[in-house]
Amino acid sequence: MPIELIPLSLPASADASKFVNFGREVRGVNPGSLDPKEFAEVQQALYKHDVLLFRDASLTPEQQYAFTRAFDPQSSDNYTHGNTNNQNKSVLHSTLKAVPRLPQVQLRGHGTVTNHEGIPSMTLQHPSHNTFHKTRVSPEDEENGITRFQRWHMDAALYDLEPSKVTTLYGVFIPQGDAQVCRYDDGTGDELQVSLGTTALVSGGTMFDILPGEYKSLAVRMRVKYAPHPYVWMASARAVSTGLGMVSEGLEPALNELPPWEEGQCKTYPVLWKNPVTDSLHFQVHPCAAMELLIEPFRQDAKQEGALYPDGAHLTDLKEMRDLLYKMQRPGIAPQLVYPHPWREKDLVLFHNRGVMHSVVGVFLKNEVRLLHQCNLAGSVEPVGPSREDVEKWSQIRIMFAKNECTFYLNLDSDSPALRNVDHSTATRKSRMTLKNLSRAMQFQSVTALLAIATSAFAGTISAPPVVPGKWLSVDTGISETGNTTALSSHAGTEVITCYNRGTKADRAPIISVIDDWCK
């Protein structure tokens, strides 16, 4: 039977347009006994769709471990967080239990479980916001089914060991209970209906894609340095109400108060991690563990008005750093972008841990028992960040073409439809008409012609996105005039052209006569 990939069933809250490529249910194969060809198909599907679900899977811990390891055969044999014997001061301490014969498979859940995988009896504690956030849902609201995300993260030690490539979660015991409402409590009024004990997942790719252009330009130049022993470092502080970072109150211990650590084992990663199959960029930052941000400056010829940190920066003030990360990451966990998985027994969920953020959600009653088997392994290599071509593309390098009062800017931010509308005086109406006539003349030639000019005049300064034949709509229909403002505001091409009433001439080789004549 061939492998089938079925789009996941989305909740009513989801914006389906943002889940076109996210999440697939896999049918037709047993994840515990894949042949090499089947595994290759599953591996490709995971990196293309970020989250895969196998229903009614029968899986031993050994099979789950072998399946997880196959995604990174050169990985160390360590559980992602390494040796957990000395983690009593860590925020992870209460959840660190494992299958005795196979410590790479961790036991996650709630309640008392007996006679399981050689363990006579164990009591598991479901992590919740109640002990991690600065504020908590009131007991009355909690009794009425109100809850929160606990902590948004990817599975990574962030010290000494590299993040896992893949995490697998297998549902052993799943209690059925009333749905809950996950409330953001950040003044937005946002809330999300979820099933009991859901695992919430969001795409780091979408988190990057929806950023405004100036924040894309920033993200592609940013690296984050994590605290040594970050889960110990964050333990005495408290999180914000969305679980997306910590409140800055100075409660973190001084670095010399942490367990012994070495600078060479501290981790600094790009903010954006590159997908090994699609080449897309995923915003992957554990905001609770972040300690510093390092921002690369623009090249001298690429600086632009209105850019964020154009000269680069090294942010060490925790509040400033956290506020910036929160502003960039919070849109990506909006209710319409969250997939809250509704667990069933024998569900196997695997996600691309270097492209997906996730959070525990909810609170269980004392008599409710849940058990998941979790497996992730410390990665064999560190995450790959943006290439130089990515930096140049997403830094919104604008190439200038000018004549008299009018200037064209070529904007390489291919996903940003917004334009900078610049006010023009009455004296420049003739220039605005020139823009309109020029745009009409160019029409379907525009994409190729402008990119050709840019690459000819500024060789090596940009990496042109691929031209999609027929994608550019008639430019004439996109010109708008409001008062003294002229802009091209409606098209589906890969560039944006805006007319400014200032500028200087740009020397370049002749490419196309209509632009040549205008620019002389």
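Look up: the structure comes first, before these words.
Computed from a predicted structure; not experimentally measured.

1. Examining the overall build of the protein chain
In terms of regular secondary structure, the protein chain is built from 11 helices and 26 strands. Among the 520 residues that make up the protein chain, the fraction classed as buried is 53%. Looking at the protein chain alone, contacts between residues at least 24 apart form 78% of all its contacts between residues at least 6 apart. For the protein chain, the accessible surface area stands at approximately 22,100 Å², while carbon and sulfur atoms represent 50% of it.

2. Let's talk about the side chain of Q284
Here Q284 lies in the loop between β15 (281-283) and β16 (290-295). You can call Q284 buried: its relative accessible area is 0%. If sequence neighbours within four positions are ignored, Q284 has contacts with M154, G204, Y226, P270, V271, W273, N353, R354, G355, V356 and M357.

3. Digging into the pattern of salt bridges
Taken as a whole and judged by the stated rule, the model has 20 salt bridges. Taking the shortest distance from any N to any O, the salt bridge between K165 and D72 comes out at 3.7 Å. On the criterion of sequence distance, the pair formed by K165 in the loop between β7 (146-147) and β8 (166-173) and D72 in the loop between α2 (61-69) and β4 (98-99) is long-range, its members being 93 residues apart. K134 is the salt-bridge partner of E249, the closest N and O atoms lying 2.7 Å from each other.

4. With respect to the pairing of strand β5 (residues 102-116)
Counting buried positions over the 15 residues of β5 gives 11, a clear majority of the element. Taking the residues that link successive antiparallel strands as the turn, the β4-β5 hairpin has two residues. Bridge count between β5 and strand β21 (residues 370-375): six bridges; the pairing is antiparallel. From the neighbouring strand, V105 faces β21, where its bridge partner is C375. What sits between the antiparallel neighbours β5 and strand β6 (residues 119-124) is a turn of two residues, in which E117 has the positive phi angle 50°.

5. Things to note about the environment of V202
Mapping V202 onto the fold places it in strand β11 (residues 199-203). For V202, a relative accessible area of 0% puts it in the buried group. With 138 residues separating them in the primary sequence, V202 and P340 have C-alpha atoms 8.8 Å apart. Discounting chain neighbours no more than four positions away, the residues touching V202 are F22, W152, M207, G332, I333, L337, V338, G355, V356 and M357.

6. Comments concerning the sheet that holds strand β17 (residues 313-315)
With antiparallel pairing, four strands are arranged side by side in an open sheet as β13-β12-β16-β17. Edge positions in the sheet fall to β13 (268-270) and β17, since each of these pairs with one other strand and no more. The average angle at which neighbouring strand axes cross in this sheet is 20°, direction not considered. Pairing geometry for β16 and β17, over three bridges, is antiparallel. Counted as the bridge partner of L294 is H314 from β17. Across the sheet, helix α7 (residues 318-329) lies against β12 (222-226), β16 and β17, angled at about 75° from β16, the strand it touches most.

7. Here's the deal with α2
Looking at α2, one finds that the buried residues are P61, Q64, Y65, F67 and T68. Looking straight down α2, one finds its buried side chains confined to an arc of 165°; they lie on one side.

8. A look at the packing of aromatic side chains
Applying the stated criterion across every chain, the model contains 10 aromatic pairs. For the ring pair F39 and F67, a centre distance of 6.4 Å and an interplane angle of 85° mean the geometry is edge-to-face. Within this pair, whereas F39 is found in helix α1 (residues 36-49), its partner F67 is found in helix α2, the two being separated by 28 residues in sequence. Note on accessibility: F39 and F67 belong to one class, buried. Measuring from centroid to centroid gives 5.4 Å for F67 and F71, while their planes differ by 75°, and the two rings are edge-to-face. F71 shares its class with F67; the two are buried. An aromatic cluster of three or more residues is present, and its members are F39, F54, F67 and F71.

9. Remarks on α1
Side chains that are three or four residues apart share a direction in an α-helix, a result of its 3.6 residues per turn. End to end, α1 covers 20 Å across 14 residues, agreeing with the expected 20 Å (1.5 Å per residue, within 8%). Those residues of α1 that fall on the buried side of the exposure criterion are F39, V42, A45, L46, Y47 and H49. Where α1 is buried, its residues contact β1 (4-7), β2 (24-27), β3 (51-54), α2, β8 and β19 (348-352). The N-capping residue of α1, defined by a side-chain oxygen 3.1 Å from the backbone nitrogen of K37, is D35. Once α1 ends, the next one or two residues include D50, with phi positive near 70°.

Basis of the calculations
- Residues numbered from 1 in each chain as written.
- Predicted model: local features only at pLDDT ≥ 70, side-chain atom pairs only at ≥ 80, totals over all residues.
- Heavy atoms only, no water.
- Helix = DSSP H or I, 4+ residues; strand = E, 2+ residues; numbered from the N terminus.
- Buried < 20%, exposed > 50% of the residue type's maximum accessible area, 1.4 Å probe, protein only.
- Contact = heavy atoms within 4.5 Å.
- Areas by Shrake-Rupley, 256 points an atom, 1.4 Å probe, with all protein chains shown as cover.
- Salt bridge = Lys/Arg side-chain N within 4 Å of Asp/Glu carboxyl O.
- Pairing = 2+ DSSP bridges.
- Axes fitted to C-alpha atoms, helices over the stretch in contact; angles between N-to-C directions.
- Arc of directions from axis to C-beta.
- Phe/Tyr/Trp six-rings, centres within 6.5 Å; stacked < 30°, edge-to-face > 60°.
- Expected span 1.5 Å × (residues − 1).
- Polar contact = N/O pair within 3.5 Å; in protein donor to acceptor, adjacent residues only side chain to side chain.

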